[in-house]
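One letter stands for each residue in the lines below.
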2 protein chains.
Amino acid sequence: MCEANAYLLKGGKEELILEAVDILEHDEDGKIRLANIFGDQKVLDAKLKSMSLVNHKIILE
Amino acid sequence: MCEANAYLLKGGKEELILEAVDILEHDEDGKIRLANIFGDQKVLDAKLKSMSLVNHKIILE
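Note that the coordinates shown come from a computational prediction; the quantities given were computed from them, not determined experimentally.

### What about the relation of the copies chain B and chain A?
Next up, step 1: Rotating chain B by 180° and moving it 0.0 Å along the rotation axis overlays it on chain A with an RMSD of 0.0 Å. In symmetry terms, the pair is related by a two-fold rotation axis. For chain B, the smallest separation between a C-alpha atom and the rotation axis is recorded for B:C2, amounting to 2.5 Å.
Next up, step 2: Comparing contact sets, 100% of the residues at the interface of chain B also lie at the interface in chain A, consistent with an isologous, same-surface contact.

Listed below in structure tokens is the structure:
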């Protein structure tokens with residue numbers, strides 16, 4: 001299982017947004033679309049800060 | 001092994017930039033830093049377009 005959990009950085013804290021993320025896309029309008037292996041989707045007004053696939057972690061801000 | 005291969009989209013074609021990517025970071029100055037599990041690093045003047053972790057694929061543009 002190679003998915004990652006997506007967290008949003010808020011005031012220095014990491015808030016879990018979506019687990020088991022497969023797809024991440026940057027839209028033209030600056031939004032991020034996340035989709036996980038269960039078919040759940042989230043669209044956020046955020047950008048990718050960093051990620052580590054080995055640690056299964058995506059950090060948005 | 002949960003790493004992904006990073007490709008740069010150039011003229012509609014995907015050019016392999018770095019294999020087995022673990023870390024991806026967006027720098028303050030708009031650059032992307034990639035690091036793979038072998039310790040290789042690349043810094044590109046690009047941004048993340050999309051990725052699929054299940055398909056082990058990161059697309060930059």
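After that view, the rundown keeps rolling.
### Looking at the layout of surface pockets
Next up, step 1: Size it by volume and the largest pocket reaches roughly 240 Å³.
Next up, step 2: Mapped onto the lining of the largest pocket, the elements with two or more residues apiece are β2 (13-26) of chain A together with β5 (48-52) of chain B.
Next up, step 3: Residues that form the lining of the largest pocket fall into these classes: no nonpolar, 4 polar and 7 charged.
Next up, step 4: Lining the second largest pocket we find A:K47, A:L48, A:K49, A:E61, B:H26, B:D27, B:E28, B:G30, B:A46 and B:K47.

### Some points on the environment of A:R33
All names here are of chain A.
Next up, step 1: Relative to the helices and strands, R33 is located in strand β3 (residues 32-36).
Next up, step 2: Note: C-alpha distance between R33 and D45 (12 residues apart in sequence) is 9.0 Å.
Next up, step 3: There is a polar contact of 3.1 Å between the side chain of R33 and the side chain of Q41.

Conventions we followed
The written sequence of each chain sets the order in which its residues are numbered from 1. Here every chain gets a letter starting at A, and every ligand a number starting at 1, in the order they are written. The predicted nature of this model means local features are confined to residues of pLDDT at least 70 and side-chain atom pairs, given and counted, to a pLDDT of 80 or more, with totals for whole chains, interfaces and linings taken over all residues. Hydrogens and water are ignored here; the side-chain numbers use all heavy atoms of the structure. Here the copies were fitted onto each other by least squares, based on C-alpha atoms from residues at pLDDT of at least 70 in both. By definition in these notes, contact holds between two residues if any of their heavy atoms fall within 4.5 Å. Points on a 1 Å grid over protein atoms alone make up a cavity when a 1.4 Å probe fits among them but cannot get out, and a pocket when they form an open set with protein on both sides within 12 Å along at least five of seven lines; lining residues each have an atom within 4 Å of a point. Grid points are joined across faces, edges and corners, and a volume is the space filled by probe spheres set on the points. In this text, helices come from DSSP runs of H or I with a minimum length of four residues, and strands from runs of E with a minimum of two, each type numbered from the N-terminal end. For this classification, Asp, Glu, Lys and Arg are treated as charged, while Ala, Val, Leu, Ile, Met, Phe, Trp, Tyr, Cys and Pro are nonpolar and the rest, including Gly, are polar. Between N or O atoms, a polar contact is any pair within 3.5 Å; within protein, one atom must be a potential hydrogen donor and the other a potential acceptor, and residues adjacent in sequence are included only when both atoms are from side chains.

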